[in-house]
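# Fold and geometry: a report
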Amino acid sequence: MKKLNSRSARVSRKTALAALRKESERAVVDLIRRRLALPVEKRLNFLGVRLPGGGSCL
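A brief look at the structure comes next. Note that the coordinates shown come from a computational prediction; the quantities given were computed from them, not determined experimentally.

Reading guide: rules and limits
Residues numbered from 1 in each chain as written. Predicted model: local features only at pLDDT ≥ 70, side-chain atom pairs only at ≥ 80, totals over all residues. Heavy atoms only, no water. Helix = DSSP H or I, 4+ residues; strand = E, 2+ residues; numbered from the N terminus. Buried < 20%, exposed > 50% of the residue type's maximum accessible area, 1.4 Å probe, protein only. Areas by Shrake-Rupley, 256 points an atom, 1.4 Å probe, with all protein chains shown as cover. Patch = residues over 30% accessible without salt bridge, like charges linked within 9 Å, V, L, I, M, F, W, Y side chains within 5 Å. Salt bridge = Lys/Arg side-chain N within 4 Å of Asp/Glu carboxyl O.

## Some points on the overall build of the protein chain
Along the protein chain, the regular secondary structure elements total two helices and zero strands. Counting only residues that meet the buried cut, the protein chain has 0% of its 58 residues in that class. Here the protein chain displays about 5800 Å² of accessible surface, and carbon together with sulfur accounts for 60% of that area.

## A short note on a nonpolar patch on the surface
A contiguous nonpolar surface patch, about 270 Å² in accessible area, is contributed by Val28, Ile32 and Leu36. The topology assignment puts Leu36 in helix α1 (residues 6–37). Residue classification places Leu36 among the exposed positions, given a relative accessible area of 53%.

## A closer look at the pattern of salt bridges
Evaluation of the coordinates by the stated rule reveals two salt bridges. Where Glu23 meets Arg26, a salt bridge forms, and the shortest distance between an N and an O atom there is 2.9 Å. Placement of both Glu23 and Arg26 in helix α1 is noted, with a separation of three residues, approximately one turn of the helix. A residue is classified by how much of its surface remains accessible, and Glu23, at 44% relative accessible area, is partly exposed. On the basis of relative accessibility, which here comes to 47%, the residue Arg26 falls in the partly exposed class.

Next comes the structure, spelled out in structure tokens:
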């Protein structure tokens, strides 16, 4: 089994974290695009939710 020195392990970890951060940002952008593609009444359906004691989220 080949053992990596600490420097190459650190570089590998940094690249892995950078790739993970980039993928996470891409997922957020994709989620926003999918939500914006929905009609307004589906995007804002939480506004009509009734609260305990009366009223709504408006």
